[in-house]
Amino acid sequence: MKGIISILISFFLLVSCGSNSKSSQNGKESATESYDYIIAFGSCNRQDKPQPLWNAILQESPDLFLWGGDNIYADTEDMAKMEADYEKQKNNEGYQSLIETTPVLGTWDDHDYGKNDGGREWEYKKESQQLFLDFFDVSKSDPRREREGVYHAKDFKEGGKTIKVIVLDTRYFRSPLEASEKPGQRYKINYEGTILGEKQWNWLQQELNNSTANYNLILGSIQVLSGEHGFETWANFPAEVEKLEKLIETSKAKNVILLSGDRHISEFSEKKINGLDYPLVDFTSSGLTHSYTDFSGEPNQYRVGEVVSDLSYGLLKFNFASGEVKMEMRGVGNKLQQEYLVKYKD
């Protein structure tokens with residue numbers, strides 16, 4: 001068992017199967033807790049800006065780090081420039097300290113894909129995929145080198161339990177977006193388009209149907225549950241949302257948790273899904289180097305707690321004995337910004 005000192009706040013607001021609360025002003029340590037496995041994740045990271053959160057992440061001694069997309073900001077047709085941007089990020093001192101001690105997985109979003117809000121129409125997606133895989137030191141013989149898209153799955157075992165991480169690609173196959181003339185809505189709702197594409201959907205179905213893991217984390221770059229803000233979201237493709245929720249239900253995969261990025265804000269969203277005996281949580285963590293500091297509010301019927309609009313990274317702390325997963329947002333100086341506790345059944 002991995003023991004760490006964790007910062008707790010003084011009270012909880014009970015919500016559904018979990019609890020949510022904001023941190024105290026001074027973030028004082030109030031208790032000692034032990035966790036069996038810790039996952040850190042984050043998104044929206046400019047390679048040319050200060051990166052103050054790596055030291056905070058290292059303080060938590062995570063067992064795994066997950067990139068949630070926009071791992072660099074390239075936005076270019078010039079693959080030499082993209083390669084240089086990746087190299088700059090890889091040589092960042094704080095990030096180097098992380099990858100020397102911690103396994104890393106991840107997906108991409110639009111800016112490391114190469115085109116803002118880009119989908120399957122992006123003409124340099126094959127080239128950018130290879131640079132993405134280079135960044136993660138994926139072997140030249142790995143099947144991902146020959147497969148279209150960066151989707152991937154891996155099991156992590158600890159203390160007799162298994163955590164399955166399913167990495168989705170919400171760029172390579174996604175139908176083109178069409179601009180909307182409706183106020184407050186950037187893109188038109190597409191009732192027939194796809195986010196994942198047929199091959200990736202079939203793969204995801206197999207991964208969930210065949211999963212024997214105690215926890216199943218689905219990492220994607222864009223939000224699944226929050227769909228009222230008018231920007232990029234799974235809700236731009238309502239049939240895809242319905243399909244994903246139905247698959248999570250019918251697969252009987254245990255304890256599915258959604259992880260997302262993209263928004264330059266961090267928030268918890270939760271939805272009750274028929275057939276699930278736990279709340280489906282979409283934990284959004286964004287951004288690592290820049291955030292929506294002028295955020296003044298937006299609707300999200302599934303939001304739990306408050307929106308964090310400062311620099312932020314996410315933590316999932318697993319207690320296998322109790323089945324509890326503590327989800328935390330933390331910022332500069334490793335300050336606890338908000339937390340949410342969900343108890344899952346084994």
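Residues numbered from 1 in each chain as written. Predicted model: local features only at pLDDT ≥ 70, side-chain atom pairs only at ≥ 80, totals over all residues. Heavy atoms only, no water.

### Details of the overall build of the chain
Consideration 1: A count of helices and strands for the chain gives seven helices and 17 strands.
Consideration 2: In terms of overall size, the chain behaves like a compact globule, its C-alpha atoms giving a radius of gyration of 19 Å where 346 residues would be expected to give roughly 20 Å.
Consideration 3: Counting only C-alpha atoms, the chain reaches 55 × 45 × 45 Å along its principal axes.
Consideration 4: Buried residues in the chain amount to 61% of all 346 residues.
Consideration 5: Taking all contacts inside the chain whose residues are at least 6 apart in sequence as the whole, residues at least 24 apart take part in 72%.
Consideration 6: Carbon and sulfur atoms make up 46% of the accessible area of the chain, which amounts to about 14500 Å² in all.
Consideration 7: Separation between the mean location of the 40 positive side-chain charges and that of the 54 negative ones in the chain comes to 3 Å. (Helix = DSSP H or I, 4+ residues; strand = E, 2+ residues; numbered from the N terminus. Rg over C-alpha atoms; globule rule 2.2 N^0.38 Å. Buried < 20%, exposed > 50% of the residue type's maximum accessible area, 1.4 Å probe, protein only. Contact = heavy atoms within 4.5 Å. Areas by Shrake-Rupley, 256 points an atom, 1.4 Å probe, with all protein chains shown as cover. Lys, Arg positive; Asp, Glu negative; His and termini not counted. Charge placed at Lys NZ, Arg CZ, Asp CG, Glu CD.)

### Some remarks on empty space enclosed by the protein
Consideration 1: In total, this model carries two cavities of 30 Å³ or more according to the counting rule given.
Consideration 2: Taken as a whole, the largest cavity holds about 50 Å³ of empty space.
Consideration 3: Split into classes, the residues belonging to the lining of the largest cavity amount to seven nonpolar, two polar and no charged.
Consideration 4: Here the second largest cavity defines a volume of roughly 30 Å³. (1 Å grid on protein atoms, 1.4 Å probe; cavity = no way out; pocket = protein on both sides within 12 Å on 5 of 7 lines; lining within 4 Å. Points joined across faces, edges and corners; volume = space filled by probe spheres on them. Nonpolar A, V, L, I, M, F, W, Y, C, P; charged D, E, K, R; others polar.)

### What about the packing of helix α2 (residues 79-90) against helix α5 (residues 125-135)?
Consideration 1: Look at α2 against α5: their axes get within 10 Å of each other, and the N-to-C directions meet at 15°. The orientation of α2 with respect to α5, classified from their angle, is roughly parallel. Once α2 is placed against α5, the crossing between them reads as right-handed. Between α2, through M79, M82, E83, Y86, Q89 and K90, and α5, the contact on the second element is made entirely by E127, S128, L131, F132, D134 and F135.
Consideration 2: Residue composition of the contact of α2 with α5, by class: six nonpolar, two polar and four charged. (Axes fitted to C-alpha atoms, helices over the stretch in contact; angles between N-to-C directions. Parallel < 35°, antiparallel > 145°, perpendicular 65-115°, else oblique. Left-handed = near helix turned anticlockwise from the far one by under 90°.)

### Remarks on the confidence of the model for the chain
Consideration 1: The pLDDT averaged across the chain works out to 92; a share of 91% of its residues lies at or above 70.
Consideration 2: Note on residues 1-31: pLDDT under 50 across the span, and 86 contacts to partners over four residues away in sequence or across chains. (pLDDT = per-residue confidence, 0-100.)

### Things to note about the pattern of salt bridges
Consideration 1: Per the counting criterion, the structure on display carries 22 salt bridges.
Consideration 2: The closest approach of N and O atoms between E60 and K317, which form a salt bridge, is 3.3 Å. Remark: K317 occurs in strand β15 (residues 313-319) and E60 occurs in the loop between α1 (54-59) and β6 (64-68); sequence separation between them is 257 residues. When sorted by exposure, E60 lands in the same class as K317, which is buried.
Consideration 3: Taken together, the shared-partner salt bridges connect E60, K317, E328 and R330 into one network. (Salt bridge = Lys/Arg side-chain N within 4 Å of Asp/Glu carboxyl O.)

### Considerations on the nonpolar core
Here is a general trend for soluble globular proteins: nonpolar side chains tend to be buried in one another's company.
Consideration 1: One finds L204, W234, I248, L316, F318 and M327 to be the most contacted residues of the largest nonpolar core, which totals 89 residues.
Consideration 2: Of all the elements, strand β5 (residues 37-42) adds the most residues to this core, at five residues.
Consideration 3: Ignoring any residue separated from it by four or fewer positions in sequence, one finds W234 in contact with L168, T170, I195, L196, W201, I222, Q223, V224, E240, V241 and L244. (Core = buried A, V, L, I, M, F, W, Y, C linked by side-chain atoms within 4.5 Å.)

### Observations concerning the layout of surface pockets
Consideration 1: A volume near 260 Å³ is recorded for the largest pocket.
Consideration 2: If you trace the largest pocket, you find 13 residues lining it, with R186, F231, D262, R263 and H264 closest to the centre.
Consideration 3: Residues belonging to the lining of the largest pocket are distributed by class as follows: three nonpolar, three polar and seven charged.

### Some words on α5
Consideration 1: Taken together, the buried positions of α5 are occupied by K125, S128, Q129, L131, F132, L133 and F135.
Consideration 2: Residues of α5 that are buried sit in contact with β6, α2, α3 (93-99), β7 (104-107) and α4 (110-113).
Consideration 3: Trailing α5 by a residue or two, D137 shows a phi angle of about 55°, which is positive.

### Structural notes on the pairing of strand β12 (residues 266-271)
Consideration 1: In terms of burial, β12 is largely enclosed, as six of its six residues are buried.
Consideration 2: Residue alternation in β12 divides its side chains into two sets, S266, F268 and E270 and E267, S269 and K271, and both sets are buried.
Consideration 3: Relative to strand β14 (residues 303-308), β12 runs antiparallel, the two sharing three bridges. Paired with S266 across the strands is V308, a residue of β14.
Consideration 4: With five bridges connecting them, β12 and strand β13 (residues 280-284) associate as antiparallel partners. When the bridges of β13 are listed, K271 appears paired with L280. (Pairing = 2+ DSSP bridges.)

### Details of unusual backbone geometry
Consideration 1: Here the residue pair S286 and G287 is connected by a cis peptide bond, since its omega of 0° sits within 30 degrees of zero.
Consideration 2: Of note, G287 is situated in the loop between β13 and β14.
Consideration 3: Positive phi is not limited to glycine here, since D262 has a value of about 80°.
Consideration 4: Take D262: it is sitting in the loop between β11 (256-260) and β12.

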